[in-house]
Amino acid sequence: MTENIASQLLHHTGNFSFLCDDFPLWSVGCDEVRKNESFAPFMLPLLNYRVSNGLKRNNEAGLGYFIQTSTVNLLCGLSNSQDSTLEECQEQVHFARAFNASTHLPLGSESTCDVSSTLTAAIALEIILPDKAFRYEPEPPISNSSVIFLIAVEMVVAFGIG
């Protein structure tokens, strides 16, 4: 099932294809854009992030990483190629909520804060620096003898006061 869904993300043509240009996951399929020339499709970094995480969790890690890399390249204003690096990204970064799929430019205006979304900035940070795996340590942060000593001191103070 995952393979059937994931394959649609890589097709350039068809009713349910979403790789219409250099960047994947347009808001609509490629055929819809070709039918209606006046419609301006957009791309959402949040959608890209959620789809890439879902693909990675469902054994499609390569495609998930491709979508994540494409999202970072889109935010940085870089072309979506193997040669783009994060060092090139430092000059021009757009944390917009949405991007025009055809021009790859941020949608919105400065007055409505659409081009400076903290959610998109958090997504970029999560993609670039993923969380560490959680590690549980069953031991308390202090030794048992220290706990007994603290309890004894509390008892002395409590009985001394009252």
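As a reminder, the structure under discussion sits directly above these lines.
A brief look at the structure comes next. (Residues numbered from 1 in each chain as written. Predicted model: local features only at pLDDT ≥ 70, side-chain atom pairs only at ≥ 80, totals over all residues. Heavy atoms only, no water.)

1. What about helix 6 (residues 144-161)?
Quick note on the threshold: Segments assigned H or I by DSSP are reported as helices when at least four residues long, segments assigned E as strands when at least two residues long, and all are numbered from the N terminus. Take the residue count of a helix, subtract one, and multiply by 1.5 Å to get its expected span. Buried means the residue's accessible area, taken with a 1.4 Å probe over protein chains only, is under 20% of the maximum for its type, while exposed means over 50%, and partly exposed covers the values in between.
For helix 6, which comprises 18 residues, the first-to-last C-alpha distance of 26 Å matches the rise-based estimate of 26 Å (1.5 Å per residue) to within 8%. Summarising burial for helix 6: zero of the 18 residues are buried, a small minority.

2. What to know about helix 5 (residues 118-128)
Formally: Note that the arc is defined by the directions from the helix axis to the C-beta atoms. What makes two residues a contact is simply this: any of their non-hydrogen atoms within 4.5 Å. Polar contacts, as used here, are pairs of N or O atoms within 3.5 Å; protein pairs need one atom able to donate a hydrogen and one able to accept it. Residues neighboring in sequence count only if both atoms are side-chain atoms.
Those residues of helix 5 that fall on the buried side of the exposure criterion are T120, I123, A124 and I127. One side of helix 5 carries all its buried residues, which in axial view fall inside an arc of 100 degrees. Projecting away from the buried face of helix 5 at angles above 90 degrees are the exposed residues T118 and L125. Residues of helix 5 that are buried in the fold lie against helix 3 (45-57) and helix 4 (61-76). N-capping of helix 5 is provided by S117, with a side-chain oxygen placed 3.3 Å from the backbone N of L119.

3. Regarding the packing of helix 3 against helix 5
A pair of packed helices is captured by two measures, namely the crossing angle of their axes and the spacing between those axes. Cut-off, in case you're wondering: All axes are obtained by fitting lines to C-alpha atoms, using only the stretch in contact for helices, and the reported angles, taken between N-to-C directions, cover 0 to 180 degrees. Should the near helix be turned anticlockwise from the far one by less than a right angle, the crossing is termed left-handed; should it be turned clockwise, right-handed. Here the nonpolar group is Ala, Val, Leu, Ile, Met, Phe, Trp, Tyr, Cys and Pro; Asp, Glu, Lys and Arg are the charged ones; every other residue, Gly included, is treated as polar.
One can describe the packing of helix 3 onto helix 5 by two numbers: an axis separation of 9 Å at closest approach and a directional angle of 35 degrees. The hand of the helix 3/helix 5 crossing is left-handed. Contacts between helix 3 and helix 5 pair P45, L46 and Y49 from the former with L119, T120, I123, E126 and I127 from the latter. Of the residues that constitute the contact of helix 3 with helix 5, the class distribution is six nonpolar, one polar and one charged.

4. A look at the side chain of T120
Mapping T120 onto the fold places it in helix 5. Under the relative-accessibility criterion, T120 is labelled buried at 3%. A distance of 2.9 Å separates a polar side-chain atom of T120 from the backbone oxygen of A96. Leaving out residues up to four positions away in the same chain, T120 has contacts with P45, L75, F95, A96 and R97.

5. Points about the nonpolar core
Defined as follows: Residue types Ala, Val, Leu, Ile, Met, Phe, Trp, Tyr and Cys, when buried and joined through side-chain atoms within 4.5 Å, form a set referred to as a nonpolar core.
Ranked by size, the top nonpolar core spans eight residues in total: F23, M43, L74, L75, A96, F99, A101 and A124. Setting aside its immediate chain neighbours within four residues, F99 contacts P41, F42, M43, P45, L74, L75, H94, H104, L105, P106 and L107. Residues V72, C76, C89 and I127 belong to the second largest nonpolar core, which totals seven residues.

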